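# Chains, contacts and geometry: an overview
One-letter residues, chain by chain:
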Amino acid sequence: MINKSLVSIDDLSTEEIIQILDLAAGFEKEPDRRLLDGKIVATLFFEPSTRTRLSFESAVSRLGGKIVGFTDAASSSVTKGETLNDTIKTVSNYCDLIVMRHPLEGSARFASEISRVPVINAGDGANQHPTQTLLDLYSIRKTQGTLNNLNVFLVGDLKYGRTVHSLMMAMARWKTTFNFISPEELKMPDEYKIYLDNIGLKYYEHTDFTDIISKADIIYMTRVQKERFSDPIEYEKVKNVYVLRNSMLKNTKPNLKILHPLPRVNEIHVDVDSNPKAYYFEQTLNGIFVRQAILCSILGLK
Amino acid sequence: MKEPKQLSVSAIQNGTVIDHIPAKNLFKVIQILGLDHIDNQITFGTNLDSKKLGRKAIIKISNKFFEDEDINRIALVAPQAKLNIIRDYEVVEKKVVEVPDKIEGIAKCMNPKCISNHETVKTRFRVISKENVALKCLYCEKITNQENLLII
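What comes next concerns the included structure.

Cut-offs applied
- Residues numbered from 1 in each chain as written.
- Chains lettered and ligands numbered in written order.
- Predicted model: local features only at pLDDT ≥ 70, side-chain atom pairs only at ≥ 80, totals over all residues.
- Heavy atoms only, no water.
- Helix = DSSP H or I, 4+ residues; strand = E, 2+ residues; numbered from the N terminus.
- Contact = heavy atoms within 4.5 Å.
- Buried area = accessible area lost by both parts, 1.4 Å probe.
- Salt bridge = Lys/Arg side-chain N within 4 Å of Asp/Glu carboxyl O.
- Nonpolar A, V, L, I, M, F, W, Y, C, P; charged D, E, K, R; others polar.
- Buried < 20%, exposed > 50% of the residue type's maximum accessible area, 1.4 Å probe, protein only.
- Phe/Tyr/Trp six-rings, centres within 6.5 Å; stacked < 30°, edge-to-face > 60°.
- Lys NZ or Arg CZ within 6 Å of the ring centre and 35° of its normal.
- Axes fitted to C-alpha atoms, helices over the stretch in contact; angles between N-to-C directions.
- Parallel < 35°, antiparallel > 145°, perpendicular 65-115°, else oblique.
- Left-handed = near helix turned anticlockwise from the far one by under 90°.
- Pairing = 2+ DSSP bridges.
- Right-handed = clockwise from strand over helix to strand, strands pointing away.

### Here's the deal with the environment of Asn151 of chain A
Residue and element names in this part refer to chain A.
- Note on placement: Asn151 falls in strand 5 (residues 151-155).
- Taking C-alpha positions, Asn151 is 36 Å from Ile98, a pair spaced 53 residues apart along the chain.
- The contacts of Asn151, once residues within four sequence positions are left out, are Thr177, Asn179, Lys215, Ala216, Asp217 and Ile218.

### Description of the interface of chain A and chain B
- Facing 18 residues of chain A, the contacting portion of chain B comprises 15 residues.
- Across the chain A/chain B interface, buried area totals approximately 1200 Å², and carbon plus sulfur atoms make up 47% of it.
- When the buried surface of chain A facing chain B is broken down by residue, Leu104, Glu105 and Phe110 of chain A rank first, second and third, together holding 46% of it.
- Summed over the shared surface of chain A and chain B, the result is four salt bridges.
- In this structure, the salt-bridge partner of Lys113 of chain B is Glu105 of chain A, at a minimum N-O distance of 3.9 Å.
- Put simply, the parts of the chain that give the side of chain A that touches chain B at least two residues each are helix 3 (84-91) and helix 4 (107-114) of chain A.
- The greatest single-element share of the side of chain A that touches chain B, amounting to four residues, is contributed by helix 4 of chain A.
- Residues of the side of chain A that touches chain B, tallied by class, amount to five nonpolar, eight polar and five charged.

### A look at the pattern of salt bridges
- Evaluation of the coordinates by the stated rule reveals 24 salt bridges over all chains.
- When the shortest N-O distance is used, the salt bridge between Glu141 of chain B and Arg109 of chain A registers 4.0 Å. Taken together, the positions of Glu141 of chain B in the loop between strand 9 (134-137) and strand 10 (143-145) and Arg109 of chain A in helix 4 put the pair across two chains. In terms of burial, Glu141 of chain B and Arg109 of chain A fall into one category: buried.
- In this structure, Glu234 of chain A engages Lys237 of chain A in a salt bridge whose closest nitrogen and oxygen atoms are separated by 3.1 Å. In this pair, Glu234 of chain A and Lys237 of chain A are both assigned in helix 8 (residues 232-238), three residues apart and thus about one turn of the helix distant.
- Taken together, the shared-partner salt bridges in this structure form one network comprising Glu113 of chain A together with Glu104, Lys122 and Arg124 of chain B.

### Considering the environment of Lys226 of chain A
Residues and elements named next belong to chain A.
- Following the sequence through the fold, Lys226 ends up in the loop between strand 8 (218-221) and helix 8.
- Sequence separation between Lys226 and Val155 is 71 residues, and the spatial gap between their C-alpha atoms is 16 Å.
- Apart from the residues within four sequence positions on either side, Lys226 is in contact with Tyr235 and Glu236.

### Concerning the packing of aromatic side chains
Residue and element names in this part refer to chain A.
- Using the criterion set out here, one finds seven aromatic pairs over all chains in the structure.
- The structure contains a cluster of three or more aromatic residues connected by ring pairs, namely Phe178, Phe180 and Tyr203.
- When the ring centre of Phe27 is taken as reference, the NZ or CZ atom of Arg33 above it lies at 4.3 Å.
- Lying over the aromatic face of Phe56, Arg291 brings its terminal NZ or CZ to 4.9 Å of the ring centre.

### Let's talk about the packing of helix 1 (residues 14-29) of chain A against helix 9 (residues 280-299) of chain A
All names here are of chain A.
- Taken N-terminus to C-terminus, the directions of helix 1 and helix 9 make an angle of 120 degrees; their axes are 8 Å apart at the nearest point. Taken as axis vectors, helix 1 and helix 9 run oblique relative to one another. When you trace helix 1 past helix 9, the crossing you get is right-handed. Between helix 1 and helix 9, the residues in contact are Ile20, Leu23, Ala24, Phe27 and Glu28 and Asn286, Phe289, Val290, Gln292, Ala293, Ile294, Cys296 and Ser297, respectively.
- Residue composition of the contact of helix 1 with helix 9, grouped by class: nine nonpolar, three polar and one charged.

### What about the pairing of strand 5 of chain A?
Residue and element names in this part refer to chain A.
- Counting buried residues along strand 5, five of its five residues qualify, which places the element largely inside the surrounding structure.
- Residues Asn151, Phe153 and Val155 point to one face of strand 5 and Val152 and Leu154 to the other, with burial holding for every one of them.
- Sheet topology places strand 5 next to strand 6 (residues 177-181); five bridges connect them, and they run parallel. Within the sheet, the bridge partner assigned to Leu154 lies in strand 6 and is Phe180.
- This β-α-β element, strand 5 to helix 6 (residues 162-171) to strand 6, shows right-handed connectivity.

Treat this as a map of the structure, not an account of what it does.
Laid out in structure tokens, this is it:
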């Protein structure tokens with residue numbers, strides 16, 4: 001994938017995904033390698049994001065690269081009315097690679113078409129966030145020893161959550177069994193279920209968040225956001241239903257790990273944090289190694 | 001004896017006749033095929049009675065023959081269009097249009113948050129269903145279906 005932009009997880013072949021995960025495992029053993037010495041990475045955050053931006057900047061710094069960029073559209077020339085087209089064409093003259101987050105969907109694909117240097121999509125609206133998916137895959141493989149034949153439970157907002165859609169589509173490459181747990185209003189959209197039907201993968205839908213999690217290898221939690229509900233009463237009814245508590249983990253499998261893209265609000269009770277099955281903070285650490293691997297793969301550095 | 005006055009779209013010697021265009025989309029067809037920028041003789045009629053379409057339009061272009069790839073670009077606005085290829089006043093070939101696999105620059109993405117609705121970007125779609133037309137935007141990856149299809 002040398003010099004290729006990373007816009008959507010679907011752009012990567014299964015071999016390319018495995019290569020990135022293997023490379024990331026190398027960075028986990030030895031994170032401080034000055035492979036980006038003399039390289040400049042632009043981080044263009046047209047909308048604020050703490051976690052993703054810091055993770056990328058930390059990954060670049062550990063590799064000895066330099067960072068230019070902005071953290072918010074308000075501090076860029078966007079406020080002067082500059083188009084994305086002009087910003088990308090200009091900035092691509094200043095750097096070796098662009099990391100970009102933008103509120104509009106498809107902005108990363110567009111940027112990758114006009115940029116002189118590769119673009120990594122760090123989130124384009126509700127569309128794609130491929131580096132999150134790769135770090136989720138890394139976390140799953142690391143904790144389970146494999147990506148094959150796992151039972152993955154996706155919980156919370158399955159309708160609007162881009163991370164769960166991308167993760168589901170990616171995990172579908174490894175014969176995963178899926179369980180979807182969500183309120184009626186936030187069910188997994190039909191297009192994804194049709195996709196699973198077509199490739200012959202099993203999935204089960206539930207509205208109750210109960211004992212069925214005893215079968216899970218991975219529980220992937222997401223936030224149920226108030227603004228997603230057309231009827232506020234519906235939100236009040238479900239807001240405390242999709243909360244994971246330590247007591248619910250009693251009969252779960254020993255290999256179970258709980259993942260969450262973060263930030264968390266109340267959907268994982270803090271009493272889960274000390275349970276060894278909680279993995280969401282380690283998951284963010286994995287994000288650094290995976291982003292190091294992605295940066296080096298694209299820039300062709302070993 | 002005077003010949004009776006006649007108002008009709010006259011026959012052409014050589015060229016292409018595009019029939020069964022929905023009357024309301026005539027100018028879109030002209031635009032998509034770039035007929036407003038060529039020097040060939042063109043005659044067209046519109047709001048003609050049609051059993052199938054209610055009101056149809058017809059275009060006759062002298063000395064112009066289209067590649068399938070070009071003509072299929074009108075499939076979104078004139079799915080039932082029929083082409084007659086004329087040589088020496090005779091119809092030598094009939095063609096129907098077919099929805100292509102890719103659509104560029106004709107349709108509008110229905111997602112208001114798509115970059116193509118905010119910057120000067122030529123829209124690009126992969127056609128994922130041809131019968132009930134469904135287009136997947138190559139930018140935002142959202143699907144625009146027949147009911148929401150807008151021609152630029």
